[in-house]
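# Structural overview
So the chains spell out like this:
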Amino acid sequence: MSAGRWLLRAASLAAALGLWQLLTSLDVNLWLRFEQFPTVGEVASAFADRVGTAPYWQDLGHSLRRIVVGFLLAAVAGVAVGTAIARSRWAGDLLGPLVEVVRPVPAIALVPVAILLLPTNEQGIVFITFTAAFFPVVVSTRHAVRALTPVWEEAVLTMGGGRLRVLFSVVLPGALPGIFGGLSVGIGVSWICVISAEMISGEYGVGYRTWQDYTIVDYPAVFVGMATIGALGWLTSTAVELLGRRATSWLPRPAARGAAPRPALRRTRPASAESGTDPATAHAADRTAVPRKEPVP
């Protein structure tokens, strides 16, 4: 990424923070009540106090571990189930209805199920995280696999390849762009649900600590938790995006805007083409031409 784009992104964040500081320091109350909001300076001071304590890093580690475990399980299971539904009629009939019935249920609504089903709160939060990412991955994988052209599969089968060769050489590589699209959506939904689950039934974690700060009316600390959640979500989403680019590096990439156009290849044309005559016509005329007789003196 160019330095200009980095500067533009930094400027957008600085402008948002400047507007926040201005509205809160002036206690603006025009329908939106900014007089109750902490200023940027108060949040920064609370963050400096919190980041030097062991509980902050302990909560961060708990939330990251729950996200990583639940998201990895959802990625593996979602790709497997989505591929099976798209490739197998039996799997589509058996698993498809279950997926479509459970998918509209919000993952956070499954907290009572997790509490009743699993022995510990930790396992319940991981289950909620898994459920949140599982369905976006299943749906994106199913659509990506079904969108593949059958010509590639037929070519591998014609050359003697088996079903496993088709799966690992055609289906999964061809569906990778769609799969990573679902993974990008899933990681964002996972953060929403893991924070909500930590607020409801957690003992540690960023969501749990943010809710505790809210109950004691420590609003600067609440904004510290919100900023931490946003930073963690951005870092994990960026990691998934970079992994997707690395895994699909063999795909053609669109040319960057503003790049110099590639020079066109010049072809060497016969003299007949330069003169505007069709080469085939000129060759036929040469073969059929009758030699002219010179007059006898």
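Rules and cut-offs
- Residues numbered from 1 in each chain as written.
- Predicted model: local features only at pLDDT ≥ 70, side-chain atom pairs only at ≥ 80, totals over all residues.
- Heavy atoms only, no water.
- Helix = DSSP H or I, 4+ residues; strand = E, 2+ residues; numbered from the N terminus.
- Contact = heavy atoms within 4.5 Å.
- Areas by Shrake-Rupley, 256 points an atom, 1.4 Å probe, with all protein chains shown as cover.
- Phe/Tyr/Trp six-rings, centres within 6.5 Å; stacked < 30°, edge-to-face > 60°.
- Buried < 20%, exposed > 50% of the residue type's maximum accessible area, 1.4 Å probe, protein only.
- Axes fitted to C-alpha atoms, helices over the stretch in contact; angles between N-to-C directions.
- Parallel < 35°, antiparallel > 145°, perpendicular 65-115°, else oblique.
- Left-handed = near helix turned anticlockwise from the far one by under 90°.
- Nonpolar A, V, L, I, M, F, W, Y, C, P; charged D, E, K, R; others polar.
- Salt bridge = Lys/Arg side-chain N within 4 Å of Asp/Glu carboxyl O.
- Expected span 1.5 Å × (residues − 1).
- pLDDT = per-residue confidence, 0-100.
- Core = buried A, V, L, I, M, F, W, Y, C linked by side-chain atoms within 4.5 Å.

### As for the overall build of the protein chain
Helix and strand content of the protein chain: twelve helices and two strands. Counted from the first residue to the last, the protein chain has its helices and strands arranged as α-β-β-α-α-α-α-α-α-α-α-α-α-α. Counting only contacts in the protein chain whose residues sit at least 6 apart along the sequence, the fraction spanning at least 24 positions is 68%. When the accessible surface of the protein chain is summed, it comes to about 19600 Å², and 66% of that surface belongs to carbon and sulfur atoms.

### Here we look at the packing of aromatic side chains
Applying the stated criterion across every chain, the model contains eight aromatic pairs. Each ring, one from Trp20 and one from Phe223, has its centre 5.5 Å from the other, and the planes form 40°; the classification is tilted. On the criterion of sequence distance, the pair formed by Trp20 in helix H1 (residues 3-25) and Phe223 in helix H10 (residues 219-247) is long-range, its members being 203 residues apart. Their ring planes at 90° and their centres at 6.1 Å tell us that Phe47 and Tyr56 sit as a pair that is edge-to-face. Taking the relative accessible area as the measure of exposure, Phe47 reaches 36% and is therefore partly exposed. The class of Tyr56 is buried, set by a relative accessible area of 11%. Members of the aromatic cluster, connected to one another through ring pairs, are Trp20, Phe34, Phe37 and Phe223.

### As for the packing of helix H3 (residues 54-87) against helix H8 (residues 163-201)
Contact geometry for H3 and H8: axes closest at 7 Å, N-to-C directions at 140°. Judged on the interaxial angle alone, H8 and H3 are oblique. As H3 runs across H8, the sense of the crossing is right-handed. Broken down by class, the residue content of the contact of H3 with H8 amounts to 14 nonpolar, four polar and four charged.

### Focus: the environment of Arg33
You can see Arg33 is positioned in strand S2 (residues 32-33). Residues Arg33 and Leu23 lie ten residues apart in sequence; the distance between their C-alpha atoms is 9.4 Å.

### Observations concerning the side chain of Arg66
With respect to the helices and strands, Arg66 occurs in helix H3. If we skip the residues at most four places from it in the chain, Arg66 touches Glu122, Ile125, Val126, Thr129, Val194, Glu198, Tyr204 and Gly205.

### Overview of the side chain of Thr39
Among the structural elements, Thr39 can be located in the loop between S2 and helix H2 (40-51). Judged by its relative accessible area of 16%, Thr39 falls in the buried class. Sequence-distant contacts of Thr39, that is, excluding residues within four places in its chain, are made with Gln21, Thr24 and Ser25.

### What about the pattern of salt bridges?
The tally for this structure, following the rule as stated, stands at eight salt bridges. Among the ionic pairs, Arg50 bridges to Asp213, the shortest N-O distance being 3.3 Å. Note that Arg50 is positioned in helix H2 and Asp213 in helix H9 (residues 206-215), a separation of 163 residues in sequence. With a closest N to O distance of 2.9 Å, Glu241 and Arg245 form a salt bridge. Taken as a pair, Glu241 and Arg245 lie in helix H10 at a separation of four residues, close to a single helical turn.

### Quick word on helix H6 (residues 121-146)
Residue pairs spaced three or four apart in an α-helix point in one direction, given the helix's 3.6 residues per turn. End to end, H6 covers 38 Å across 26 residues, agreeing with the expected 38 Å (1.5 Å per residue, within 8%). Here H6 lies mainly inside the structure; 19 of its 26 residues are buried.

### Remarks on the confidence of the model for the protein chain
Overall, the prediction assigns the protein chain a mean pLDDT of 83, with 85% of residues at 70 or greater. Counting contacts from residues 271-276, a segment whose pLDDT is below 50, to residues more than four positions away or on other chains yields four contacts.

### Considerations on the nonpolar core
Grouped together as the largest cluster of nonpolar side chains are 48 residues, with contacts concentrated most on Ile128, Leu183 and Trp191. Mapped by element, the contributors of at least two residues to this core are H2, H3, helix H5 (111-117), H6, H8 and H10. Per-element accounting of this core gives the leading share, 14 residues, to H8. If near-sequence neighbours (up to four positions away) are discounted, Trp191 is found in contact with Ser63, Leu64, Ile67, Leu232, Gly233 and Thr236.

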